[in-house]
Amino acid sequence: MRVFLVLQAVTAVLHMLVTDRVCYWLLGDVKALADKSAIVNSMRKVFEQGFPLILFGLSGALVMQADKVIISSYNTPSELSPYYLATVLCLTPISVLAAPVSQYFHPKIVHAIASSDDYHLSRNVKIMSAALMAVVVVPSCILWVYSQEIVGLWLLGQDNAGVVSRYVDILLPGVAIGAFGFIPYSILVAKEDYKFQAFMSVTLTILTLVAALYFSFVGSVTGVCYVYAVYHAFSFVVSWLRVKSLGAD
């Protein structure tokens, strides 16, 4: 644990130093503001405008991490372990494959909306959807169909492999659907619809954690899996309905 924390800290510092140098090379000819009050006012304005997004990010982080704490509060470590392994396996396509796709298309979608370029907006959304199908849905389908074999190979035949496979079968469809939430997220950010995103995230986080707390209390880790499968899928559905209501087809 100590090594993990030290590596996280060192990596964060290195990331900051590299980013600082790159920004200096790219923006070295831009003079810094001499008026410190103007800098403070700018910082305050950015914070006030971005506060809903801060809530959005904090709620997302909380809902994705608190489930382990909740389960471990009412269940034994042997019951938590299969759930943890299942979530790690199910979220791999999103974290490893979908995130880079989102980072590539996000600025394109934002630029198209800012420029009122409906053609390129539609084109980028379609390409992004196809890319997510290729890197998330296809691997997820393979994993779902052959979950027992894949989990068995991954865990080298451990006794809890069957339980992990059962949890994967429940979680994976919702997680795969939720991966498409990157698309409405980019559109809503471009439209600066921050308050709705914050409201949606906080509301879904509260409902999800309350439901997870109940199922964990009654000793049903399977119920927690269903709760999080619905959370992932419902996040995408609600976000996309919001996009449609704003007229961004």
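Here the structure is a predicted model, which means the values were calculated and not measured.

Novice: Help me understand the side chain of Ser-201, please; the structure alone is not making it clear to me.
Specialist: When you line up the elements, Ser-201 lands in helix H8 (residues 194-217). Judged by relative accessible area, Ser-201 falls into the buried class, the value being 6%. In contact with Ser-201, not counting residues within four places along its chain, are Leu-55, Phe-56, Ser-59 and Gly-60.

Novice: Could you clarify how one ought to interpret the confidence of the model for the chain in this entry?
Specialist: When pLDDT drops low, the exact placement of atoms in the prediction is not to be read closely. Per-residue confidence for the chain gives a mean pLDDT of 88; residues scoring 70 or more make up 96%. The secondary-structure element of the chain with the lowest mean pLDDT is helix H2 (residues 36-74), recorded at 85, while helix H9 (residues 221-245) shows the highest, at 94.

Novice: Explain the packing of H2 against H9 to me, please; I cannot follow it from the model alone.
Specialist: When two helices pack together, their arrangement is given by the angle between the helix axes and by the axis-to-axis distance. At a closest axis distance of 12 Å, the pairing of H2 and H9 adopts a crossing angle of 170°. Accordingly, the angle class assigned to the pair H2 and H9 is roughly antiparallel. In this structure, H2 contributes Val-63, Met-64, Asp-67 and Ile-71 to the contact, and H9 contributes Val-221, Val-224, Tyr-228, Tyr-231 and His-232.

Novice: So what exactly am I meant to see when it comes to unusual backbone geometry here?
Specialist: Glycine aside, negative phi is the norm for most residues, and most peptide bonds take the trans geometry. Located in the positive-phi region is Ser-116, a residue other than glycine, with phi close to 55°. Since its relative accessible area comes to 61%, Ser-116 is described here as exposed. We note that Glu-192 has phi near 55°; this positive angle belongs to a residue other than glycine. Position of Glu-192 relative to the elements: it lies in the loop between helix H7 (182-190) and H8.

Novice: Hey, could you run me through a nonpolar patch on the surface in this one?
Specialist: On the surface, a nonpolar cluster with roughly 520 Å² of combined accessible area is contributed by Val-6, Val-10, Val-13, Leu-14, Met-16 and Leu-17. With respect to the secondary-structure elements, Leu-14 resides in helix H1 (residues 2-27).

Novice: What is the right way to look at the pattern of salt bridges in this model?
Specialist: Think of it this way: side chains of opposite charge can pair up when their charged atoms draw near. Going through the model one piece at a time under the given rule, you end up with three salt bridges. Of the charged contacts, one joins Lys-68 and Asp-67 as a salt bridge, the two residues approaching to 3.4 Å between their closest N and O atoms. With respect to burial, Lys-68 and Asp-67 carry one shared label: buried.

Novice: When you look at the packing of aromatic side chains in this model, what are you seeing that I'm missing?
Specialist: How two aromatic rings sit relative to each other is given by the distance of their centres and the angle of their planes. Scanning the entire structure with this criterion turns up eight aromatic pairs. Consider the rings of Phe-47 and Phe-51, whose centres lie 5.7 Å apart with planes at 50°: the pair is tilted. Residue Phe-47 and its partner Phe-51 are located together in helix H2, separated by four residues, close to a single helical turn. Residue Phe-47 is classed as partly exposed on the basis of its relative accessible area, which comes to 48%. Considering the side-chain rings of Tyr-74 and Phe-217, the 5.5 Å spacing of their centres and the 85° angle between planes classify their relative orientation as edge-to-face. Here the residue Tyr-74 occupies a position in helix H2, and Phe-217 occupies one in helix H8, the gap between them amounting to 143 residues. Phe-217 gets classed as exposed once you look at its relative accessible area, which sits at 59%. Counting every residue linked through ring pairs, the aromatic cluster contains Phe-180, Phe-236 and Trp-240. Just above the ring of Tyr-24 sits the side chain of Arg-21; from NZ or CZ to the centre is 4.8 Å. Above the ring of Phe-196, the side-chain terminus of Arg-242 is found at 4.7 Å from the ring centroid.

Here is what the cut-offs are and how they apply
- Residues numbered from 1 in each chain as written.
- Predicted model: local features only at pLDDT ≥ 70, side-chain atom pairs only at ≥ 80, totals over all residues.
- Heavy atoms only, no water.
- Helix = DSSP H or I, 4+ residues; strand = E, 2+ residues; numbered from the N terminus.
- Buried < 20%, exposed > 50% of the residue type's maximum accessible area, 1.4 Å probe, protein only.
- Contact = heavy atoms within 4.5 Å.
- pLDDT = per-residue confidence, 0-100.
- Axes fitted to C-alpha atoms, helices over the stretch in contact; angles between N-to-C directions.
- Parallel < 35°, antiparallel > 145°, perpendicular 65-115°, else oblique.
- Patch = residues over 30% accessible without salt bridge, like charges linked within 9 Å, V, L, I, M, F, W, Y side chains within 5 Å.
- Areas by Shrake-Rupley, 256 points an atom, 1.4 Å probe, with all protein chains shown as cover.
- Salt bridge = Lys/Arg side-chain N within 4 Å of Asp/Glu carboxyl O.
- Phe/Tyr/Trp six-rings, centres within 6.5 Å; stacked < 30°, edge-to-face > 60°.
- Lys NZ or Arg CZ within 6 Å of the ring centre and 35° of its normal.

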